[in-house]
Amino acid sequence: MSGSAIEIVRSIRDLRARVAAWRAAGETVGLVPTMGALHEGHLSLVDHAFRNATRVCATVFVNPKQFGPSEDYAVYPRTEERDAGLLRSVGANLLFAPSVEDVYPTGHCTQVAVAGIGDVLEGEFRPGFFTGVATVVTKLLLQALPDVAVFGEKDYQQLLVIRRLVRDLDVPVRVEGAPTIREQDGLAMSSRNAYLTTEERRIAPALHRSISGVVAEVRRGASPEEAAARGVEEVLAAGFRSVDYLTVRDADSLAPMRDNDRPARVLAAAWLGKARLIDNVAV
Ligand code: AMP
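What am I meant to see in the pattern of salt bridges here?
Any two side chains of opposite charge can pair if their charged atoms end up close together. Under the criterion given, the structure shown has 18 salt bridges. A salt bridge links E7 to R18; the shortest N-O distance between them is 2.7 Å. With E7 in strand β1 (residues 7-9) and R18 in helix α1 (residues 12-24), the pair connects residues that are 11 residues apart, well separated along the chain. R276 is the salt-bridge partner of E122, the closest N and O atoms lying 2.8 Å from each other. With E122 in helix α5 (residues 122-125) and R276 in strand β9 (residues 275-282), the pair connects residues that are 154 residues apart, well separated along the chain. Residue classification places E122 among the buried residues on the basis of a relative accessible area of 4%. Given the relative accessible area of 13%, R276 is considered buried. Connected through salt bridges with shared partners, the residues E122, D244 and R276 form a single ionic network.

Now the structure itself:
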């Protein structure tokens, strides 16, 4: 498949026409939504989609509605030509790259808000973030109507939010989660890693190291709260500026874990220079 052409479409009408033609030819369709500045993590989602569908459409859209007023919307890396080349190299069939005006035409005012699971952790530190994500993902799913949509476990809470909205709104799509792709030193790949200076990049793997340490302690029977508190200390000692949260949560509900009696996940968000890094590992 490598080397085959990738077509870029920008209008919802063209996207629907391509998907309809695939369906008429008996193909199944996988969707991989992204904000671009693609790396190996994103490309692994395309591979994952090809294991579940015969045609794959990636989307690149830097969604203004999921950025807070003081966040990095204006400076978020935009590298469409490079992204198209990378998608071509892994055999993706279509790149949907709509404009902000096409996604949010004048008068657009409907939002998808996922209460509960969308209100904690990232929802607490980035008000409006999950409503922005849920709104755009709902739109992309309804625009493309894929058989399967693939999201990374790197953004674990986002994956739970999307699973929830698909169930609640009866969207006829299967949601697939794909494992986090990491650099050799453990740092989760992220478009925002580009914000790190050389010195910060050296410090950055401490986040994954500390999360993994907490996972190991909890597995050995330590108190989730005490293990998480030690994790926070480690991240700060390594040189992170501040920790928004580093916490052991129920893997399904994200409720705090007091005992080790259910499947759990250690999730963290911390600031290193100008970059806010997030990561998580299953207990
Ligand atoms: P983004 O472009 O950062 O909005 O991410 C688009 C999709 O790629 C989301 O489903 C992310 O969870 C996923 N993703 C981002 N980084 C990684 C990674 N390192 N490994 C696997 N998936 C990732």
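And the narrative resumes.
Please clarify how helix α10 (residues 224-238) should be interpreted in this entry.
In this model, α10 (15 residues) spans 21 Å end to end at C-alpha, consistent with the 21 Å of a helix rising 1.5 Å per residue. Every buried residue of α10 is listed here: P224, A227, A228, G231 and V235. Viewed end-on, α10 has its buried residues packed into an arc of 95°, placing them on one side of the element. Residues of α10 that are exposed and angled more than 90 degrees away from the buried face: E226, E233 and A237. Buried positions along α10 lie against α9 (206-219), β7 (242-250) and β8 (264-272). At the exit of α10 stands G239, carrying a positive phi of roughly 125°.

Which parts of the structure should I look at to understand the site of the ligand?
With respect to spatial proximity, 16 residues lie near the ligand, and among them H42, G152, D155, I181 and M189 are the closest. Residue I181 places a main-chain N or O atom 2.9 Å away from a nitrogen atom belonging to the ligand. Expressed as a share of its isolated accessible area of 480 Å², the protein-covered part of the ligand is 92%. Breaking the shell around the ligand down by element, the ones donating at least two residues are β2 (29-34), α2 (40-50) and β5 (148-152). Tallying contributions element by element places α2 first for the shell around the ligand, with 3 residues. Looking at side-chain class alone, the shell around the ligand contains 7 nonpolar, 7 polar and 2 charged residues.

Reading the values: rules and limits
- Residues numbered from 1 in each chain as written.
- Predicted model: local features only at pLDDT ≥ 70, side-chain atom pairs only at ≥ 80, totals over all residues.
- Heavy atoms only, no water.
- Salt bridge = Lys/Arg side-chain N within 4 Å of Asp/Glu carboxyl O.
- Helix = DSSP H or I, 4+ residues; strand = E, 2+ residues; numbered from the N terminus.
- Buried < 20%, exposed > 50% of the residue type's maximum accessible area, 1.4 Å probe, protein only.
- Expected span 1.5 Å × (residues − 1).
- Arc of directions from axis to C-beta.
- Contact = heavy atoms within 4.5 Å.
- Near = heavy atom within 4 Å.
- Polar contact = N/O pair within 3.5 Å; in protein donor to acceptor, adjacent residues only side chain to side chain.
- Areas by Shrake-Rupley, 256 points an atom, 1.4 Å probe, with all protein chains shown as cover.
- Nonpolar A, V, L, I, M, F, W, Y, C, P; charged D, E, K, R; others polar.

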